[in-house]
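Structural overview for review
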Amino acid sequence: MPANRFNGNSDYGVGIGLRVPHYRHIFEKKPVVSWFEIISENFMVDGGLPLKNLDQILERYRVVQHGVSMYFGSAEPLNRDHLKRLKALVKRTHTPWLTDHLCWGSVDGRYSHDLLPIPYTFEAARRAAQKIRQVRDFLEVPIAVENVSSYAEFHVSEMTEWEFLNEVVERADCGILLDVNNIYVSSRNHDFNPYDYLNSVSAERVAQIHIAGHSKFQKYLLDTHDHAVIDPVWGLYARAIERAGPTPTLLEWDDRIPSFNEVHHEALKAKRYFPAELKAAS
Amino acid sequence: MNLAQIQRAVFEVIRQPLTPSQHLRPRLPDGRSTRRIADAIIKPNARLASHERLEIYNQQYWFRILSSFAEDFPGLRGLIGVRRFDKLSVAYLNENPSHTFTLRNIGANLESWLRRHPEFAPGVHRMAIDMVRVEWAEIEAFDGQELPRISKEQLAGLSGDTAFRLQPHLHMLELAYPIDDLLFRVRRAEHSMVSNAVRKSAPRGKVRKASLPRAQKTYLVVYRLQDMVYFKRLTREAFVLLGALGKGKSLGEALQASMPKSPAKVEAFRKRVRAWFENWASLGWLAK
């Protein structure tokens, strides 16, 4: 796998999200997996089974941390307690890069626990970039930000989502965790061409790619991570690989989780889009 | 509107409880129209009005925190019933939005809130408080810190000046009811509900009134051993001694406070204390 400075110059292939229903299979069968992505917040605890399980995983596998509550896009300052706990976890996992979402989710110290879309303004881009730099400096690990699925757009937006993403990552000099399923979901919800998005992203900054499934409702798509990846999303993935080169890729499956083998098999389909010489090696 | 004002306005709307049909409420508590707020901030599209787009986030917010809260307090749900539990959940979470990055702490204020709101657990208020205390202690014990333990061998060499620390994951609860028994019953009932879908007489969502426990002082320790959370009942005497150690009293001070006044009973007390300490050390409760 080609590496870049946004993924710690590491050489990771196709991984899957580490989820509790798979622990027994992983510990007993010890399957070969390129790497696991963990949700950082699940392990930012003081002790007990979560950390014991994590340590067991770390003995055998490579792990990358993915966060859900840094909220780079929130207008309020970063949460210092959160950062300290996150740093302790970074020291434990030795994650070569760390990802979280380009979104907001907290106001006045109250948390939504959701990934809310940011108004695409220069003010918001400036603030988000500043916070990403602060986090990177504190954690001393490369940061990549993920584009989120969204269901609403703001009147005050001054640019498209992909222009906003580029504006933020250029200002912060950070990487991108490109979620092609999120691009697809948002494109359907906001009536834009997903390839316009994909073709505009700074390809050299893509540190990692997410693939996932979603749910279709009558008037919108919802990012539920409870299905296999659909063909149009694989199409976007193929284009992302064309532009960014073979990139560490992660399948997210968070609800109605099938067996480990089914999830892993679905993830490994990503290798179909790698250049021939990398298919076997990865 | 600047970024902070937009986010504050959006958050106020999406954290409003849903209507009974699970839609966005037309007004905020101060009377402002949520549609107007949405129209001013959110663009509509060809399929959804501004408020309908915001409603998706409103629904997701509540579905997520209600689901997490229900997972944490199955015993309370079994005690007061599903309908009352749903009402309590919305009222509590509306007054106590999450203040930390993790949903693990969503129930942290439930005990104090429920003490002020007996109307959500009519007839079983005190029992419900006990249940919440036990369920919250379980959460704390599950992933609380573990300090290096004092072994049984180390115990033998300690003097009366020694001050112990109890494990941070250990919680001591003085309860008005033997609520641990009830919690086990609720869990068994829940398990049979999910594992035996075609049963004709499925257990009801609420514990029958006749099978509720009678009041009985119960001294419960909730702790973790080998990554599992356990309950252990103590006698009042042992509970008081352990509590004194937990408050930082030296071994000598704690024993002095608990010692029987009658000299005839002192020897038997000493024997009991020795057995307690050996047991507590073997369970890993005593820390350096």
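If you're wondering where the values come from, they're calculated on a predicted model, not measured in any experiment.

Focus: the overall build of chain A
The secondary structure content of chain A amounts to 10 helices and 12 strands. Against the globule reference of 19 Å for 282 residues, chain A gives a C-alpha radius of gyration of 18 Å, in line with a compact fold. By its C-alpha atoms, chain A is 55 × 40 × 35 Å across when sized along the principal axes. Looking at chain A residue by residue over its 282 residues, the buried ones come to 63%. Taking all contacts inside chain A whose residues are at least 6 apart in sequence as the whole, residues at least 24 apart take part in 80%. Of the roughly 10,800 Å² of accessible surface on chain A, a fraction of 48% belongs to carbon and sulfur atoms. Side-chain charges in chain A split into 32 positive and 37 negative, and the spacing between the mean points of these groups amounts to 5 Å.

Things to note about the domain arrangement of chain B
All names here are of chain B. For chain B, the assigned domains are domain 1 (1-67), domain 2 (73-139 + 179-212) and domain 3 (144-169 + 233-287). Computed from C-alpha coordinates alone, the two centres of domain 1 and domain 2 are separated by 29 Å. Contact with domain 1, which involves 7 residues of that partner, is made by 7 residues of domain 2. Where domain 1 abuts domain 2, roughly 650 Å² becomes buried across the two surfaces, and 73% of that area is made up of carbon and sulfur atoms. Contact with domain 2 buries surface across domain 1, with Arg15, Ile65 and Leu66 losing the most and accounting together for 54% of the total. Summed over the shared surface of domain 1 and domain 2, the result is 0 salt bridges. At the boundary of domain 1 with domain 2, the tally comes to 1 residue pair in polar contact (both at pLDDT 80 or more). Taken together, the residues that form the side of domain 1 that touches domain 2 break down as 5 nonpolar, no polar and 2 charged.

Concerning the side chain of Asp226 of chain A
All names here are of chain A. Structurally, Asp226 can be placed in the loop between β11 (221-222) and α8 (231-244). Polar side-chain contacts of Asp226 include one of 2.5 Å to the side chain of Thr224. Within the local environment of Asp226, its side chain forms a polar contact with the side chain of Arg256, the two groups lying 3.1 Å apart. If sequence neighbours within four positions are ignored, Asp226 has contacts with Gly213, His214, Ser215, Trp253, Asp255 and Arg256.

Observations concerning helix α5 (residues 161-172) of chain A
At 3.6 residues per turn, the α-helix brings residues three or four places apart onto the same side. All names here are of chain A. Taking 1.5 Å of rise per residue, 12 residues should cover 16 Å, and α5 covers 16 Å from first to last C-alpha, within 8% of that figure. All of the buried residues along α5 are Glu161, Trp162, Phe164, Leu165, Asn166, Val168, Val169 and Ala172. Elements in contact with the buried residues of α5: α4 (122-139), β7 (143-146), β8 (175-179), α6 (180-190) and α7 (194-200). Asp173 sits one or two residues past α5 and shows a positive phi near 50°.

Digging into the packing of aromatic side chains
Residues and elements named next belong to chain A. Summed over the entire model, instances satisfying the criterion amount to 32 aromatic pairs over all chains. Taken together, a centroid distance of 5.1 Å and an interplanar angle of 45° make the contact between Tyr120 and Phe164 tilted. In this pair, Tyr120 sits in the loop between β6 (110-116) and α4 while Phe164 sits in helix α5, placing the two residues 44 residues apart along the sequence. For the pair Tyr120 and Phe164, a shared accessibility class is recorded, and that class is buried.

Remarks on unusual backbone geometry
Of note in the backbone geometry, Asn9 of chain A takes a positive phi value of approximately 50° without being a glycine. With respect to the helices and strands, the residue Asn9 of chain A is situated in the segment before β1 (14-17). We note that Gln22 of chain B has phi near 65°; this positive angle belongs to a residue other than glycine. With respect to the element layout, Gln22 of chain B can be found in the loop between α1 (3-14) and α2 (34-41). Under the relative-accessibility criterion, Gln22 of chain B is labelled partly exposed at 42%.

A closer look at the sheet that holds strand β12 (residues 249-252) of chain A
Residue and element names in this part refer to chain A. Taken together, the 8 strands give a closed barrel; going around it, the order is β1-β2-β3-β4-β7-β8-β9-β12, and neighbouring strands pair in parallel fashion. On average, adjacent strands in this sheet sit at an angle of 30° to one another, irrespective of strand direction. When β1 meets strand β2 (residues 36-39), the two strands line up parallel, connected through 2 bridges. From the neighbouring strand, Gly17 faces β2, where its bridge partner is Glu37.

Side note on the nonpolar core
One finds Phe36 and Val180 of chain A together with Leu76 of chain B to be the most contacted residues of the largest nonpolar core, which totals 151 residues. At 10 residues, helix α7 (residues 125-143) of chain B tops the list of elements feeding residues into this core. Among the domains, domain 1 (1-67) and domain 2 (73-139 + 179-212) of chain B are the pair contributing at least three residues each to this core. When sequence neighbours within four positions are dropped, the list of residues in contact with Val180 of chain A reads Leu198, Ile209, His210, Ile211, Val233, Leu236, Tyr237 and Ala240 of chain A.

Points about the interface of chain A and chain B
Every contact between the two is made by 48 residues of chain A and, on the other side, 41 residues of chain B. Approximately 4,000 Å² of surface area, both sides summed, lies buried where chain A meets chain B, with 59% of it carried by carbon and sulfur atoms. Joining chain A to chain B, the criterion identifies 6 salt bridges. Notably, a salt bridge pairs Arg8 of chain B with Asp108 of chain A, separated by 2.9 Å at the nearest N-O pair. Where chain A touches chain B, the interface holds 25 residue pairs in polar contact (both at pLDDT 80 or more). Counting residues per element, the side of chain A that touches chain B draws most heavily on β6 of chain A, which supplies 7 residues. Taken together, the residues of the side of chain A that touches chain B break down into 19 nonpolar, 15 polar and 14 charged.

Calculation rules
Residues numbered from 1 in each chain as written. Chains lettered and ligands numbered in written order. Predicted model: local features only at pLDDT ≥ 70, side-chain atom pairs only at ≥ 80, totals over all residues. Heavy atoms only, no water. Helix = DSSP H or I, 4+ residues; strand = E, 2+ residues; numbered from the N terminus. Rg over C-alpha atoms; globule rule 2.2 N^0.38 Å. Buried < 20%, exposed > 50% of the residue type's maximum accessible area, 1.4 Å probe, protein only. Contact = heavy atoms within 4.5 Å. Areas by Shrake-Rupley, 256 points an atom, 1.4 Å probe, with all protein chains shown as cover. Lys, Arg positive; Asp, Glu negative; His and termini not counted. Charge placed at Lys NZ, Arg CZ, Asp CG, Glu CD. Domains from an automatic or database assignment. Buried area = accessible area lost by both parts, 1.4 Å probe. Salt bridge = Lys/Arg side-chain N within 4 Å of Asp/Glu carboxyl O. Polar contact = N/O pair within 3.5 Å; in protein donor to acceptor, adjacent residues only side chain to side chain. Nonpolar A, V, L, I, M, F, W, Y, C, P; charged D, E, K, R; others polar. Expected span 1.5 Å × (residues − 1). Phe/Tyr/Trp six-rings, centres within 6.5 Å; stacked < 30°, edge-to-face > 60°. Pairing = 2+ DSSP bridges. Axes fitted to C-alpha atoms, helices over the stretch in contact; angles between N-to-C directions. Core = buried A, V, L, I, M, F, W, Y, C linked by side-chain atoms within 4.5 Å.

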